[in-house]
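Chains, contacts and geometry: an overview
What follows is the residue order along each chain.
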Amino acid sequence: MENTGKQLMLGNKAIARGLYEAGVCFISSYPGTPSTEVTEEAAKYDEIYCEWAPNEKVAMEAAFGASLAGRRSFCAQKHVGLNVAADPLYTMSYTGVNAGMVVLVADDPGMHSSQNEQDSRYHAIASKVPMIEPADSEEALEYTKLAFDISEKFDTPVLIKMCTRVAHSQSVVEPGERKVPEFDYEKNIAKYVMMPGNAKKRHPFVEERTEKLREYAETSDINKVFLGGTKIGIITSSTSYQYVREVFGDSVSVLKLGMVNPLPVRLIKDFAAKVEELYVVEELDPIIENHVKSLGLEVQGKEMLPICDEFSQNLIAKAFGKEVTEGYKVEDAIPGRPPVMCAGCPHRGLFFTLKQNKCTVLGDIGCYTLGAVPPLSTIEMTLCMGASISALHGFNKVGGEETEKKTVAVIGDSTFMHSGMTGLANIAYNQTNSTVIILDNSITGMTGHQQNPTTGYNIKGDPAGKIDLEALVKAMGIERVRVVDPYNLEECDRVIKEELAVSEPSVIISRRPCALLKYVKHNGPLKCNREKCVGCKSCMRIGCPAISMKDGKVVIDETLCVGCGVCTQLCKFGALEG
Amino acid sequence: METKNIMIVGVGGQGSLLASKILGHLLLSQGYDVKVSEVHGMSQRGGSVVTYVRYGDKVYSPVIDKGEADFIVSFEILEAARWLEFLKKDGQIVTNTQQIDPMPVITGAAEYPADLAKKIKDAGAKIDAIDCLSVAKEAGSAKAVNIVLLGRLSHYFDIPEEAWMASLEANVPAKFLEMNKKAFELGKHSA
């Protein structure tokens, strides 16, 4: 069942299947929603070497090395991850590849799990690398194989662009066979050593390649015309194509672009000539629209459709003046249900302590970003991977002793390995009396439990190298390194006070594995002794989802509580019992 | 056949992904084109989550929009109310009556509305409300709320029970199969 016949498959899993069938031998990625499952699923094939790299730049460079050595290679990341890996990408465009190399980038329109809504197509345009964009799982599988053929034929890395709705939707695919092409490594300094003299010769190659790729886009099946009358013509791609067909069926003409960089010229002009009114329906920025306008064609796009947020069938129907029906409503205000730190989350006790100490907390990217939401409301800044530490240094250089005594950076173990180390190097080198807290929960949590260089296990869960955080931090020149258990509020409070007080840089490692990890053994759920509980709500200050009030007394949800005991340290009446 | 829409709504961590997997598998086995759209990442952490299951001759959009859902399968009553706008006229809600306080209620910033099942009914929607947690516990695990709901949902479908069982078998670990089959049966006949 798994490998043959029609089956429902997640878009990301279909990419992984495509990687298997394309004969990919090497995959290196850093997790990031909505791209993570591609690499996780690929790792289930024994024929493919897969790894989690410390960050996207390392992953992409590792994949480049594998291509150079003569085997098809791949890396995947979310949109902001491609910013981190932009450096190798832009110059790989010049070197080209040996064996095919494909780079997946997953955008997140609607920001389901992201800090911005950037449009990755700009990276394709700016790096002059071709980009293809599947609209469902079947295309995800087929385009992945095609991407390697394009990569080798045109001597270029190829970008596959996914979005949340394609990555995290299941649709029907039919898997095929695996074939492994092999290439020999050949020394070629003029092609692979990008110093000025060589790069200068490669740039014209890149420009010529773009024109050849454009010609490919004019005629290849990857761009498809569906004729449906001469009145309305819609140019679209990806999930927007699905919404257009959902709304219009076969009643309008559609040009579906599977290759979004470079964009065709003749194909678009011919399509425009066949219809009276031309529209572009694309999520995020008006990239196809601006291209169409640059051809001197009259077209409507962002005048009627938003730049912000993701689309849906109703949104498009309304934009085209069609009526949509809405469902039912109750009168009551429905309270929101924002995501929260899980019951037993080791971050909770640490954030509570920071709040009690009235610390200014500069945050980072991970589950612990939830330290910014009520009732903890502790994190005051989150920008991008690693920024907590670098920004703390700048904040303290300007603020001096006044901020040094009450400001901390918080960063997870995986995020620290990703790009926190370089910020800490700056603190050690340019010396601010900064206090950095590494929230070491022994896993990459937010993206769904991926291993990282500090956990001691690889992507398959087998034993691997393990970086010792204490030794690493000390080797970087930070003399003061403390380890605390975030379930122990008294210890956290004492150590945070001590480290903020000293006049030198320090690192506190708050160490306790993620409560959701399978190997973590929990105490049984706590119970509230209603005789002792006075309803003071002191225990509710930590924002645990397992604690609520019924009839003036605390109730513990036995299906959620893992007995971490943080709340018991807040109860003066001993009402919360194990 | 025109595309049919099932929304599965609940609180992150309640097991809605497994429910959608079983449904998707089932509907594909019945010869339909199927799309299932899931939620991963940040919103899974105890937040309001929604999964879309669509099936028919040819399914385009992976998502369900307001006024389109033939069924809303809800793991928690507040979530049924939250997504009510997505129910089609004459659509059916199948919901667990369980209440899970969201953080704004826990912190006292908001109140959990009372009598939601009745209010949903008064709004004109068809609602089938069951205490799935009790039924699941009777079957042997509080975690089987998802299967209890599927059992109840099966009551509204003209699909043979063997096909539902086959999908359960294909998607549930063998050691939990008997318990889940029991949860399905109890759910199907609860009202």
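Residues numbered from 1 in each chain as written. Chains lettered and ligands numbered in written order. Predicted model: local features only at pLDDT ≥ 70, side-chain atom pairs only at ≥ 80, totals over all residues. Heavy atoms only, no water.

1. Looking at helix α6 (residues 145–154) of chain B
Applicable threshold: Per-residue accessibility, obtained with a 1.4 Å probe over protein chains only, is compared with the maximum for each type, and a residue is labelled buried under 20%, exposed over 50%, and partly exposed between these values. By the criteria applied, helices consist of DSSP H or I runs no shorter than four residues and strands consist of E runs no shorter than two, each listed in order from the N terminus.
Summarising burial for α6 of chain B: 10 of the 10 residues are buried, a large majority. Turning to α6 of chain B, its buried residues number three or more, namely V145, N146, I147, V148, L149, L150, G151, R152, L153 and S154 of chain B.

2. What to know about unusual backbone geometry
Note: most peptide bonds trans; most residues except glycine with negative phi. All names here are of chain A. Here T33 and P34 are connected by a cis peptide whose omega angle stands at 5°. Secondary-structure assignment places P34 in the loop between β2 (26–29) and α2 (36–42). P262 follows N261 through a cis peptide bond whose omega is -10°. With respect to the helices and strands, P262 occurs in the loop between β12 (259–261) and α12 (266–274).

3. Digging into empty space enclosed by the protein
To find the voids left in a structure, one rolls a probe of water-molecule size over its atoms. Put simply, the test is: The distinction between a cavity and a pocket rests on a 1 Å grid over the protein atoms alone: a 1.4 Å probe fits inside a cavity but cannot get out, while a pocket stays open yet meets protein on both sides within 12 Å along at least five of seven lines, and a residue with an atom within 4 Å of a point counts as lining. Grid points are joined across faces, edges and corners, and a volume is the space filled by probe spheres set on the points. Each residue gets one of three labels, nonpolar for Ala, Val, Leu, Ile, Met, Phe, Trp, Tyr, Cys and Pro, charged for Asp, Glu, Lys and Arg, and polar for the others, Gly among them.
Scanning the model with the defined rule gives 9 cavities of 30 Å³ or more in all. Considered as a void within the structure, the largest cavity measures approximately 130 Å³ in volume. Taken together, the residues that form the lining of the largest cavity break down as 10 nonpolar, 4 polar and 1 charged.

4. Things to note about the sheet that holds strand β13 (residues 277–281) of chain A
Within a beta sheet, neighbouring strands are joined by backbone hydrogen bonds and run either parallel or antiparallel to one another. All names here are of chain A. So the rule is basically this: One bridge is not enough; two strands pair if DSSP finds at least two bridges between them. Note on geometry: axes are C-alpha line fits, over the in-contact stretch for helices, and angles between N-to-C directions span 0 to 180 degrees. When checking whether two residues touch, look at their non-hydrogen atoms; a contact exists if any pair is within 4.5 Å.
Taken in spatial order, the 4 strands line up as β9-β11-β10-β13 in an open sheet, and their pairing is mixed. Sheet topology places β9 (224–226) and β13 at the edges, where each strand pairs with a single neighbour. Going across the sheet, the axis of each strand differs from the next one's by a mean of 15°, ignoring polarity. Judged from the 5 bridges that link them, strand β10 (residues 232–236) and β13 form a sheet pairing that is parallel. For I232, the partnering residue across the bridge sits in β13 and is E277. Here helix α13 (residues 287–294) sits on the sheet in contact with β10 and β13, set at roughly 145° to β13.

5. Some remarks on the sheet that holds strand β3 (residues 48–56) of chain B
Taken together, the 8 strands give an open sheet; going across it, the order is β1(A)-β8(A)-β2(B)-β3(B)-β1(B)-β4(B)-β5(B)-β6(B), and neighbouring strands pair in mixed fashion. With partners counted over all chains shown, the strands left at the sheet margins are β1 (7–10) of chain A together with β6 (126–130) of chain B, one partner each. Here the average twist between neighbouring strands, direction ignored, is 20°. Bridge count for strand β8 (residues 169–173) of chain A against strand β2 (residues 33–37) of chain B is 2 bridges, and the pairing is antiparallel. What sits directly across from Q170 of chain A, in β2 of chain B, is V36 of chain B.

6. What to know about the pattern of salt bridges
Our working definition: Only one rule defines a salt bridge in this text: a Lys or Arg side-chain nitrogen within 4 Å of an Asp or Glu carboxyl oxygen.
In total, this model carries 44 salt bridges over all chains according to the counting rule given. The partner of K118 of chain B in a salt bridge is D122 of chain B, with the nearest N and O atoms 2.9 Å apart. With K118 of chain B and D122 of chain B both in helix α4 (residues 116–122) and 4 residues apart, this pair spans about one turn of that helix. Across this residue pair, the class does not change: K118 of chain B and D122 of chain B are exposed. Through salt bridges with shared partners, one network takes in R337 of chain A together with E76, E79 and R82 of chain B.

7. Regarding the pairing of strand β7 (residues 158–163) of chain A
Residues and elements named next belong to chain A. Most of β7 sits out of view: 6 of its 6 residues are buried. What you see with β7 is no split at all: V158, I160 and M162 on one side and L159, K161 and C163 on the other are buried throughout. Both strand β5 (residues 101–107) and β7 contribute to a ladder of 6 bridges, which runs parallel. Note on β7: the bridge partner recorded for A106 is M162.

8. Structural notes on the interface of chain A and chain B
Our working rule: When two parts are brought into contact, each loses some accessible area as probed by a 1.4 Å sphere; the total of that loss over both is the buried area. Under the rule applied, a polar contact is a pair of N or O atoms within 3.5 Å (in protein, one hydrogen donor and one hydrogen acceptor; residues adjacent in sequence only if both atoms are side-chain atoms).
Across the boundary between the two partners, chain A contributes 56 residues, which contact 59 residues of chain B. Summing both sides of the interface, chain A and chain B together bury roughly 5,000 Å²; the carbon and sulfur share of this comes to 57%. Of all residues in chain A, Y328, P335 and R337 of chain A give up the largest surface area on contact with chain B, accounting jointly for 20% of the area buried on that side. Applying the counting rule to chain A against chain B returns 5 salt bridges. Residue E79 of chain B pairs with R337 of chain A through a salt bridge whose shortest N-O separation is 2.5 Å. On the surface where chain A and chain B come into contact, there are 25 residue pairs in polar contact (both at pLDDT 80 or more). Secondary-structure elements contributing two or more residues to the side of chain A that touches chain B are β1, β8, α11 (238–248), α14 (313–319) and β21 (547–550) of chain A. The element best represented in the side of chain A that touches chain B is α11 of chain A, accounting for 6 residues. Counted by class, the side of chain A that touches chain B contains 24 nonpolar, 21 polar and 11 charged residues.

9. A few points about the pairing of strand β4 (residues 73–78) of chain A
Residues and elements named next belong to chain A. Extensive coverage of β4 is indicated by the burial of 6 of its 6 residues. Along β4, one buried face is formed by S73, C75 and Q77 and the opposite face, lined by F74, A76 and K78, is buried too. As paired elements, β2 and β4 share 2 bridges and run parallel to each other. What sits directly across from I27, in β4, is F74. For β4 and β5, the ladder comprises 6 bridges, and the chain directions are parallel. By the bridge assignment, C75 is partnered in β5 with V103.

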